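Descriptive structure summary
Listed below are the residues making up each chain.
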Amino acid sequence: MTETLIFELGASGRTSSPLPDCDVPARPLKEIIPAGLLRKKPPGLPEAGEAEVARHFTRLSSLNYGVDTGFYPLGSCTMKYNPKINEYAARLPGFARLHPYQAEDQVQGALRLMYETQRYLAEITGMDEFTLQPAAGAHGEFAGLLMIKAYHDHRGETGRRRVVVPDSSHGTNPATAALCGMEVQQVRSGRDGTVDLEALKDALGPGTAAVMLTNPNTLGLFEREITKIAEAVHRAGALLYCDGANMNAILGISRPGDMGFDVIHLNLHKTFSTPHGGGGPGSGPVGVKSGLAPFLPSPAVGFDPAGGRYYLDYDRPLSIGKVRSFYGNFGVVVRAYAYIRAVGGEGLRQVGEDAVINANYLLSLIRGTYRVPFDRRCMHEFVVSPPAGFKEAGLHTVDIAKRLMDYGYHPPTVYFPLIVEEALMVEPTETESRSTLDAFAGALLEIAREGFENPQLLREAPRRTPVSRLDEVVAARKPVLRWRPPAAEE
Amino acid sequence: MRYVLNTEDDRREMISLSGAGGVEDLFGDIPAGVRLRRPLNLPHPMAEPDLARHLREISSANFSLDEYACFLGAGAYDHYVPQIVDQLLLRSEFYTAYTPYQPEISQGTLQAIFEYQTMICELTGMEAANASLYDGASALAEAVLIACEETGRKKVVLSGAVHPEYRGTVRTYVKHRGIEVAECPETGGFTDPEALGVLVDDRTAAVLIQQPNFFGCLEQAPEIGEAARRHNALFVVCADPVSLGILEAPGEYGADIVVGEGQGLGNHLSFGGPYLGFLACRQRMVRRMPGRLVGQTVDKLGRRGFVLTIQAREQHIRREKATSNICTNEALCALAAAVYLSFLGREGLRRLAELCLQKAHYAHGLLVSQRGVSSSFKAPFFKEFAVRLEEDLAAVNRRLLKDKIIGGLDLGRFYPRYSGHMLLCCTELRTREEIDRLAAGIGGTVNDRNPDF
């Protein structure tokens, strides 16, 4: 089942344009715009009517799989249920129909919501100040590292240009360091899958600006030596950065600020239930300890208790400046605010608990069949490798992933973290029921059996999806990145 | 907690089947010293009706544009968002999915982005477009990074008539990368051609302008492109996509990279975000692009299908050698743009652009005929223009607000020498009646007898 491209639908001259007639006296275009700046050839946009457009995109949506479709245990992405009240909230006219340059006294509700969200996030993470400006996690990392660099520079330690990351880190960590013009130093994980404290200490030096850690880490393991790590990092004059992608595991249970982290970014689209949107928009707020607050991006949202007014503070001489236009992905912040208010403090703690209960339970159902490289209690997610004998049968993680689709599931994250061979990274989240986990484990065990009895079934999977396996090699070698009308093809 | 499905019985049994003695056991790896021994100090949970009421209360403390006629622009535009866009965006197969890493069950997102990429190419006259970036400002910053890599040069010339927040963002992005940003001054609402001629040299990686620029004025873009080309520098244009319904595609006048803010294409104003950064370029630079790219391919049965492609540029593969650190982008906003442009279509976009143009020119003509109001610049413009007011600008805006009108931006906020100049915008949503009231309000011919003034 495939869908025709929108450009192949419609008919020349067809339009359902919703536009009103011109109610002002119209002047000839050529009087207004110099001829050289006028468009000579109209853009090749579709010419379809409203009904055709509605059907086209509805049919496209039916080729997709979302959290509302079924279980989506994509590790490190926290694909939890997205409450519908959040969508209602973001579309309220006072939020959706608000211009960013309206005067402060016209947007007090929006500023209040932002200010309160900042305070909530500070309480949840144990940080002092927050900015909501970054548009996504990686954008938050960018703002966070720039603040760390600004902090060192301000203290005259301009030589601190190195960022240490473990080999299990998200790819965005080293990529962000490079984007900030810093050097990346990777340290190997210890045998138990967590940071090797001695190796980390060896890596630290006068040139170290920061150590970036995810805790729990990408293997779903809590860094038991976190306080010693923080101590070593600070003794070396460096700062400790928390990639908050895995915050869901420890909500209400432990706070990065109390562990010794100096900076953290959160992903509102992971931990705080805002939808992932097929790849965004997200939101990546950054929290800092008070020593770093002067470097937060501009503007900051403040509250003047005397006047009872919220305001935007642009007067921040040490700020790293702008990381984007305006104030952040406000519409996403509204959804996260609605979530925090819906569940409250006690609810957040239960989120953390049930995320961890679900992951441990699911792991217990497949342990013994799937190999567990670091077999200890996991937090909100875990990493396994294919069953013993799969490699010999020529079967890979990708085959398991594709076969899972035939059972009606979205596969886990595959081939990450890089330090585990043929990794399958499973994060069930707290919004799944025991029966869903039972059924999913049943599918994984069934696939393990199929692998031995009928490996072809895995290699040829998926069969029950709109398209079968797609040729990614051809796509990358001879990129076709846009549609062209047939006549224009070579 | 209402979003958790496990019952108390489930929890007990699941913990026990996991081999743990209790929930505390599961967190045994967390050192006692960093356990939170108190409840989070947050408000109590709210039932949905209470929450809905609470949210309505906060939102109604804002002055919604459903209630006010807005003449603000400056990078965020009050274009109409058709019902079809928002309703299709609420298809949860779209909005509750993640990045389409598994193409067999993500053809909806992938094909929609492929169509979006095609539409951006058509609008801009470029050969390739990516799947989206955070916003127009970060897209411009990414364009600087591409240009420096492509040319092996470390200096860019940035027009001072580019949106001030975009210029700030560019400076933040390049701060520690040894890239020099030479800002070309603006005179009379234009990028100063003489200053530009002096600044652009053989070390210049790119010349960056905005078209129409921050003041709404149309730059002599082809000539600026020529100046860039003389020194083998790239020409980067930050364009308003709505304007491209009638304005020449930057690709036709020599642009190498075209970026911009796509909010106006079916995305709500939402107090500044989420918005949609678009980035398009010549085919030769495809492998330097940041972010996701969707490409066409075939499945095992030879059926057309779509995948994320040229991923060897990206952070999850290349780590510190990636072209960018971007992961989550603005896919749903790109989907909104694809639905919007499909709905408007070829003719609709042209009509939209012309409506904005005509209304802005009607408003301009009417305003400058008022006492105490004069035109700030002589340049041709599209949907935004600036006027100089003799009266205090803030006082004028306060008077307009009483008449349910949100007036323009004080240019003095970003350009002290233009203090007292008001930047105004007319989209297709502004009616003649609203424009007439705006003119009357700015000219002081209404409300004069209001005792408040």
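Residues numbered from 1 in each chain as written. Chains lettered and ligands numbered in written order. Predicted model: local features only at pLDDT ≥ 70, side-chain atom pairs only at ≥ 80, totals over all residues. Heavy atoms only, no water.

**Observations concerning the interface of chain A and chain B**
On the side of chain B, 189 residues touch chain A, which itself brings 212 residues to the contact. When chain A packs against chain B, close to 17,700 Å² is buried across both sides, 61% of that on carbon and sulfur atoms. Contact with chain B buries surface across chain A, with A:Arg97, A:Tyr101 and A:Leu481 losing the most and accounting together for 5% of the total. Viewed at the interface, chain B and chain A are joined by 17 salt bridges. (Contact = heavy atoms within 4.5 Å. Buried area = accessible area lost by both parts, 1.4 Å probe. Salt bridge = Lys/Arg side-chain N within 4 Å of Asp/Glu carboxyl O.)

**Some thoughts on the packing of aromatic side chains**
Residues and elements named next belong to chain A. Under the defined criterion, the tally for this structure stands at 35 aromatic pairs over all chains. Measuring from ring centre to ring centre gives 6.2 Å for Phe 71 and Tyr 409, while their planes differ by 90°; the resulting arrangement is edge-to-face. Taken as a pair, Phe 71 in the loop between helix 2 (50-62) and helix 3 (84-91) and Tyr 409 in the loop between helix 12 (397-406) and strand 11 (413-414) lie far apart in primary sequence, 338 residues in all. Of the two residues, Phe 71 and Tyr 409, neither departs from the other in class, the shared state being buried. Taken together, a centroid distance of 4.9 Å and an interplanar angle of 80° make the contact between Phe 71 and Phe 440 edge-to-face. (Phe/Tyr/Trp six-rings, centres within 6.5 Å; stacked < 30°, edge-to-face > 60°. Helix = DSSP H or I, 4+ residues; strand = E, 2+ residues; numbered from the N terminus. Buried < 20%, exposed > 50% of the residue type's maximum accessible area, 1.4 Å probe, protein only.)

**Let's talk about the pairing of strand 4 (residues 180-184) of chain B**
All names here are of chain B. Pairing geometry for strand 3 (residues 155-159) and strand 4, over five bridges, is parallel. Looking at the pairing, Ser 159 lines up with Cys 184 of strand 4. Handedness of the β-α-β unit built from strand 3, helix 8 (residues 164-174) and strand 4 comes out right-handed. (Pairing = 2+ DSSP bridges. Right-handed = clockwise from strand over helix to strand, strands pointing away.)

**Here we look at the environment of A:Ala355**
Relative to the elements of secondary structure, A:Ala355 occurs in helix 11 (residues 330-366). The contact partners of A:Ala355, leaving out residues within four places of it in the chain, are A:Asn248, A:Met379, A:His380, A:Thr429 and A:Glu430.

**Details of the environment of A:Asp128**
Residues and elements named next belong to chain A. Looking at where Asp 128 falls in the secondary structure, it is placed in the loop between helix 5 (108-125) and strand 1 (129-131). Residue class for Asp 128 comes out partly exposed when judged on its relative accessible area of 31%. When the C-alpha positions of Asp 128 and Gly 287 are compared, they lie 7.0 Å apart, and in sequence the two are 159 residues distant. Non-local contacts of Asp 128, meaning those with residues more than four positions away in its chain, are made with Arg 119, Ala 122, Val 288, Lys 289 and Ser 290.

**A word on the domain arrangement of chain A**
According to the domain assignment, chain A contains domain 1 (6-62), domain 2 (85-342) and domain 3 (358-475). Taking only C-alpha atoms, the centre of domain 1 of chain A and the centre of domain 3 of chain A are 46 Å apart. (Domains from an automatic or database assignment.)

**Brief notes about the environment of A:Ser273**
All names here are of chain A. With respect to the helices and strands, the residue Ser 273 is situated in the loop between strand 6 (263-265) and strand 7 (286-288). Residue Ser 273 is classed as buried on the basis of its relative accessible area of 0%. Placed 62 residues apart in sequence, Ser 273 and Arg 335 show a C-alpha to C-alpha distance of 7.8 Å. When residues no more than four places from it in sequence are discounted, the contact partners of Ser 273 are Lys 80, Tyr 81, Asn 82, Pro 83, Asn 86, Leu 268 and Tyr 339.

**Some words on the domain arrangement of chain B**
All names here are of chain B. You can read the domains of chain B as domain 1 (69-80 + 346-442) and domain 2 (83-340). Computed over C-alpha atoms only, the centres of domain 1 and domain 2 are separated by 27 Å. Counting residues at the interface gives 30 residues for domain 1, matched by 32 residues for domain 2. Buried surface at the junction of domain 1 and domain 2, summed over both partners, amounts to about 2,400 Å²; 66% is from carbon and sulfur atoms. In terms of surface lost to domain 2, no three residues of domain 1 exceed Leu 349, Phe 382 and Tyr 415, which account for 23% of the buried area on that side. Counting the contacts that link domain 1 with domain 2 gives two salt bridges. Here Asp 240 and Lys 383 are joined by a salt bridge, their closest N and O atoms 2.9 Å apart. The interface formed by domain 1 and domain 2 holds eight residue pairs in polar contact (both at pLDDT 80 or more) in total. For the side of domain 1 that touches domain 2, the secondary structure elements donating two or more residues are helix 12 (331-368) and strand 14 (384-389). Sorting elements by how many residues they give to the side of domain 1 that touches domain 2 places helix 12 first, with seven residues. Residue composition of the side of domain 1 that touches domain 2, by class: 22 nonpolar, two polar and six charged. (Polar contact = N/O pair within 3.5 Å; in protein donor to acceptor, adjacent residues only side chain to side chain. Nonpolar A, V, L, I, M, F, W, Y, C, P; charged D, E, K, R; others polar.)

**Quick word on the sheet that holds strand 3 of chain B**
Residues and elements named next belong to chain B. Sheet architecture is open: seven strands sit in the order 2-10-9-8-7-3-4, paired in mixed fashion. The open sheet terminates on both sides in strands that have one partner only, identified here as strand 2 (128-129) and strand 4. Of the pairings in the sheet, the one linking strand 9 (residues 257-261) to strand 10 (residues 277-281) comprises five bridges and is antiparallel in character. Bridging across to strand 10, Gly 260 finds its partner in Phe 278. Across the sheet, helix 7 (residues 136-151) lies against strand 3, strand 7 (204-211), strand 8 (234-239), strand 9 and strand 10, angled at about 165° from strand 9, the strand it touches most. (Axes fitted to C-alpha atoms, helices over the stretch in contact; angles between N-to-C directions.)

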